[in-house]
Amino acid sequence: PARLRRPIEVIYRFARNADDIADEGDAFDAERLAGLAAYQAELDRIEAGVERVLYSAKMESFAKDYLIQEVCLEQVLKEAVKRHSRTFIAKRIRLDLRELPGLVLSDRKWLSFILDQILSNALKYTTVGGCIRVFSEGKGRHWRLFLEDNGIGIPAEDVPRIFDRGFTGRNGREFQHATGMGL
């Protein structure tokens, strides 16, 4: 894993340095800034893909890497949204975040991975100017988290298989955005 992440970290540092130079008002023109933004977006996609592959490899020993503890759901969700902020901004997608329960029992790392996957899919299939709504329902110790978007939706025939490993649904095949990693 370190061998995969190291080159990404180096490229991120380069991109941040170039971004800092642009912020200082040096001779960066709009075209170069747009290129840098595209470069950073592609780098985000590479990093997300590497993370998916690494988590997928860990699925076989999932029970060994699971630590249940109290986690602030809203904080984990906001961190996931921040990781996807470039896409939210680029596609002008609005986030409608409603009140969430404070603490939940979960594994923070795996919860973060799941929220990243769901947000990534919602952002991928939501059109420019759309909205992603996050809310919860429940009481006491039992809560359900909902993430809704106004994207193209999941065809009814795909719903039973969306959590199958390696499944690529009709939308993923038609729009060629799917990795087949599954939710």
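That block above? That's the structure.
The following paragraphs examine the structure supplied in this document. (Residues numbered from 1 in each chain as written. Predicted model: local features only at pLDDT ≥ 70, side-chain atom pairs only at ≥ 80, totals over all residues. Heavy atoms only, no water.)

**Details of a nonpolar patch on the surface**
Line of reasoning, step 1. On the surface, a nonpolar cluster with roughly 300 Å² of combined accessible area is contributed by Tyr 66, Ile 68 and Leu 105.
Line of reasoning, step 2. Following the sequence through the fold, Tyr 66 ends up in the loop between α2 (30–58) and β1 (69–72).
Line of reasoning, step 3. On the basis of relative accessible area, Tyr 66 is assigned to the partly exposed category, the value being 38%. (Patch = residues over 30% accessible without salt bridge, like charges linked within 9 Å, V, L, I, M, F, W, Y side chains within 5 Å. Areas by Shrake-Rupley, 256 points an atom, 1.4 Å probe, with all protein chains shown as cover. Salt bridge = Lys/Arg side-chain N within 4 Å of Asp/Glu carboxyl O. Helix = DSSP H or I, 4+ residues; strand = E, 2+ residues; numbered from the N terminus. Buried < 20%, exposed > 50% of the residue type's maximum accessible area, 1.4 Å probe, protein only.)

**Comments concerning helix α3 (residues 73–83)**
Line of reasoning, step 1. Residues of α3 that are buried: Leu 73, Val 76, Leu 77, Ala 80 and Val 81. Mapping the buried residues of α3 onto a view down its axis gives an arc of 140 degrees, with all of them on the same face. (Arc of directions from axis to C-beta.)

**Focus: the environment of Tyr 125**
Line of reasoning, step 1. Counting through the fold element by element, Tyr 125 comes out in helix α5 (residues 108–125).
Line of reasoning, step 2. For the pair formed by Tyr 125 and Ile 154, sequence separation is 29 residues and the distance between their alpha carbons is 9.7 Å.

**Notes on α5**
Helical periodicity: at 3.6 residues per turn, an α-helix aligns residues three or four positions apart in one direction.
Line of reasoning, step 1. Taking 1.5 Å per residue as the helical rise, α5 with its 18 residues ought to reach 26 Å, and the 26 Å between its terminal C-alpha atoms agrees with that figure.
Line of reasoning, step 2. All buried positions along α5 are accounted for by Trp 110, Leu 111, Ser 112, Phe 113, Leu 115, Asp 116, Gln 117, Leu 119, Ser 120, Ala 122, Leu 123 and Tyr 125.
Line of reasoning, step 3. A distance of 3.2 Å separates the backbone nitrogen of Lys 109 from a side-chain oxygen at the start of α5, and that oxygen is part of Asp 107. (Expected span 1.5 Å × (residues − 1). Polar contact = N/O pair within 3.5 Å; in protein donor to acceptor, adjacent residues only side chain to side chain.)

**Here we look at the packing of α3 against α5**
Each pair of packed helices can be summarised by the angle the axes make with each other and by the distance between the axes.
Line of reasoning, step 1. Orientation of α3 relative to α5, taken along the N-to-C sense of each, is 45 degrees, at an axis distance of 9 Å. Between α3 and α5, the interaxial angle falls into the category oblique. For the crossing formed where α3 meets α5, the hand is right-handed. Residue-level contacts link Leu 73, Gln 75, Val 76, Leu 77, Glu 79, Ala 80, Val 81 and Arg 83 of α3 to Arg 108, Leu 111, Ser 112, Leu 115, Asp 116 and Leu 119 of α5.
Line of reasoning, step 2. When the residues that make up the contact of α3 with α5 are grouped by side-chain class, the tally is eight nonpolar, two polar and four charged. (Axes fitted to C-alpha atoms, helices over the stretch in contact; angles between N-to-C directions. Parallel < 35°, antiparallel > 145°, perpendicular 65-115°, else oblique. Left-handed = near helix turned anticlockwise from the far one by under 90°. Contact = heavy atoms within 4.5 Å. Nonpolar A, V, L, I, M, F, W, Y, C, P; charged D, E, K, R; others polar.)

**Here we look at the side chain of Ser 112**
Line of reasoning, step 1. Note that Ser 112 resides in helix α5.
Line of reasoning, step 2. A relative accessible area of 14% places Ser 112 in the buried class.
Line of reasoning, step 3. Ignoring any residue separated from it by four or fewer positions in sequence, one finds Ser 112 in contact with Val 76 and Arg 83.

**A look at the pattern of salt bridges**
Line of reasoning, step 1. Applying the stated criterion across every chain, the model contains seven salt bridges.
Line of reasoning, step 2. Residue Arg 108 is joined to Glu 79 by a salt bridge in which the shortest nitrogen-to-oxygen separation is 2.7 Å. Taken together, the residues Arg 108 in helix α5 and Glu 79 in helix α3 connect sequence positions 29 residues apart.

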